[in-house]
Each structure stands twice: as structure tokens, then as C-alpha cells.
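# Close look at the chain arrangement
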Amino acid sequence: MIPTSRAVLDVNPTQSLGQAELQDSRRLHFYAKGDKIPIISQGVWQVCQGLVQLSTLCQNGEEVWLGWAEPSMFFGRWFSLLSAYQATALSDVHLIWFSIEEINASPRLAQMILPQIVHRIRQTEALLAIAGQRRVEDRLKHLLRLMQQEMGQPVPEGTRLKMRLTHQNLANAIGTTRVTVTRLLNKLKNQGKISFDSDRHIIIKPDSFKNVAEW
């Protein structure tokens, strides 16, 4: 069963998949910022536009970040052993749905998915390494460095993170509280390592985290 969304548009897969050799028309599913994206085991999503947060829930109800999916990336429960797997739109997003049957029948589609899986593995390993840092401040610095690499956009002041992330988003990603993240971001701002643009996107100043390991 294909998940439903607020709105769908008919698109040509050759437009959204680039080199994919598929000829049938396909629906482009829209989810607004903050929406929960339905995740079922019979298929996967591909991001065409926007950013999706991937997470799981602990027994105590706390949310743990598993990573994020950017344009062209695939995500879904098919890639995970976790039963409590969820996806949330961090911005307005447009997605395409593929069934497992389609993937198994299309070598070209399977070939497209492989490098995305590799990317997600690398991203997950980086987040695990970040979680292993004992000091919360170090975890935040490493996370900002990773995001700088993954979603950084050059601006005159440094590198702007393309998506606006709430303090709670960052807290969930590094296993701490929103209050702690707010305090640490203010500290980094006072040190001149970061700033915020008019839309509250984080801007990382040049060489701010030059001593932080890269992944």
C-alpha cells in the first residue's frame, strides 16, 4: 500500500531520478515542515526536495536521532532493524515512493540506491562517534562540524547550515537537554565561533572547529 500525503503531483521519474530508466508516471508526495512521514516496510522514499529527520524512540519516550535524508537520498524501514523508526519533515519536503517489488525488478534503481546506503552508513558511524564523546560540548561541536560538511552553504560570514534546526533537534541528536544546547550555543556565539542569520540558521565562522575531527 502506498502511503498517502497531503498533496501529490504527477511527475516523470526521469526528472526526479536523473538517470533512472523508468517510463511510467509517478506521484510526488508533499509533506509540510513538522509532518510525520508514514513509514511502512513494503517500500522506501526518495527525497526530491527538503530535509527529513530520521529517528527512533527509546522506552522512556526520548527521541534519538539516526541521521537525516537530503535530496536524492532514500530512506525507509526496509533499511533498518528498528521497529520504532520514524521520519519527520525538517522542512517542506517532496518525496517519491518506490515499492520493494519495483526495486527488485529494476537493476538501475537498485544501482542508484547503493551509494545512498553507503552515505547513510557513513553518516550513522559519524553520529555514533559523536555520541561516544564524553563532554556534551564536544558532542555539539562535532555535530556542527558534521552538519557543516553535510548541509553547509558558503556565505561571506562562513558556512551556513541550509536547514533551520531547533535547539530541541540538536539536543535529540547529541543526547542532552534543550536548555543545555541553548547554553552551549550562546557560549559558541559569544566566542565568535557561530552566529545566526535573520532566519535563525546557524552560521559557522571560518576555522571555528578546525581542531574537530572530520568524517
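As a reminder, the structure under discussion sits directly above these lines.
Residues numbered from 1 in each chain as written. Predicted model: local features only at pLDDT ≥ 70, side-chain atom pairs only at ≥ 80, totals over all residues. Heavy atoms only, no water.

### A few points about the overall build of the protein
- Check the secondary structure of the protein and you find 6 helices and 13 strands.
- Taken over 215 residues, the protein has a buried fraction of 48%.
- When the accessible surface of the protein is totalled, it reaches about 11300 Å², and 50% of it is carbon and sulfur. (Helix = DSSP H or I, 4+ residues; strand = E, 2+ residues; numbered from the N terminus. Buried < 20%, exposed > 50% of the residue type's maximum accessible area, 1.4 Å probe, protein only. Areas by Shrake-Rupley, 256 points an atom, 1.4 Å probe, with all protein chains shown as cover.)

### With respect to the packing of aromatic side chains
- Scanning the entire structure with this criterion turns up 5 aromatic pairs.
- On the basis of an interplanar angle of 80° and a centroid distance of 6.0 Å, the ring pair of Tyr31 and Trp45 is categorised as edge-to-face. One end of the pair, Tyr31, is in strand E2 (residues 26-31); the other, Trp45, is in strand E4 (residues 43-49), and 14 residues separate them in sequence.
- Overall, the relative accessible area of 4% leaves Tyr31 in the buried class.
- Seen from their ring centres, Phe74 and Phe98 are 6.1 Å apart, and the 50° between their planes marks the pair as tilted. Residue Phe74 is located in strand E7 (residues 74-75), and its partner Phe98 is located in strand E9 (residues 93-99); the two are separated by 24 residues in the primary sequence. (Phe/Tyr/Trp six-rings, centres within 6.5 Å; stacked < 30°, edge-to-face > 60°.)

### A short note on the sheet that holds strand E5 (residues 52-57)
- Strands sit in the order E3-E8-E5-E6 across an open sheet of 4 strands; the sheet is antiparallel. The open sheet has two edge strands, strand E3 (36-37) and strand E6 (63-69), and neither has a second partner.
- Here E5 pairs with E6 via 6 bridges, running antiparallel. Bridge assignment links Ser55 to a residue of E6, and that residue is Trp65. (Pairing = 2+ DSSP bridges.)

### A few points about the pattern of salt bridges
- In total, this model carries 5 salt bridges according to the counting rule given.
- Across the pair Lys187 and Glu137 runs a salt bridge, and its minimum N-O distance is 3.1 Å. One end of the pair, Lys187, is in helix H6 (residues 178-190); the other, Glu137, is in helix H4 (residues 136-151), with 50 residues separating them in the sequence.
- The partly exposed category is assigned to Lys187, whose relative accessible area is 34%. (Salt bridge = Lys/Arg side-chain N within 4 Å of Asp/Glu carboxyl O.)

### Section: the sheet that holds strand E10 (residues 152-155)
- If you trace the 4 strands from one edge of the open sheet to the other, you get E10-E11-E13-E12, paired in antiparallel fashion. Each having just a single partner strand, E10 and strand E12 (194-196) make up the two edges of the open sheet. Each adjacent strand pair in this sheet contributes to an overall mean axis angle of 35°, direction not counted. (Axes fitted to C-alpha atoms, helices over the stretch in contact; angles between N-to-C directions.)

### Let's talk about the nonpolar core
- Ranked by size, the top nonpolar core spans 29 residues in total, and within it Leu144, Met147 and Ile202 carry the most contacts.
- For this core, the secondary-structure elements that each account for two or more residues are E6, helix H3 (107-131), H4, helix H5 (167-174), H6, E12 and strand E13 (202-204).
- The greatest single-element share of this core, amounting to 6 residues, is contributed by H4.
- When residues no more than four places from it in sequence are discounted, the contact partners of Met147 are Trp65, Trp68, Gly152, Leu161, Leu165 and Leu170.
- Grouped together as the second largest cluster of nonpolar side chains are 17 residues, Ile37, Leu54, Ala69 and Val93 included. (Core = buried A, V, L, I, M, F, W, Y, C linked by side-chain atoms within 4.5 Å. Contact = heavy atoms within 4.5 Å.)

### Some words on unusual backbone geometry
- Not every positive phi belongs to a glycine, and Ser72 is a case in point at roughly 85°.
- As for its position among the elements, Ser72 is in the loop between E6 and E7.
- The partly exposed category is assigned to Ser72, whose relative accessible area is 35%.
- In this structure, Arg200 takes a positive phi of about 70° despite not being glycine.
- By secondary structure assignment, the location of Arg200 is in the loop between E12 and E13.

### Here's the deal with the side chain of Gln46
- Counting through the fold element by element, Gln46 comes out in strand E4.
- Its relative accessible area of 1% is what places Gln46 among the buried residues.
- Within the structure, the side chain of Gln46 is placed 3.4 Å from the backbone oxygen of Ser72, a separation counted as a polar contact. (Polar contact = N/O pair within 3.5 Å; in protein donor to acceptor, adjacent residues only side chain to side chain.)

### Structural notes on the pairing of E10
- Of the pairings in the sheet, the one linking E10 to strand E11 (residues 158-161) comprises 4 bridges and is antiparallel in character. Within E11, the position partnered with Val155 by the bridge is Gly158.
- Hairpin connection of E10 to E11: 2 residues between the antiparallel strands.

All we've got here are geometric facts, nothing functional implied.
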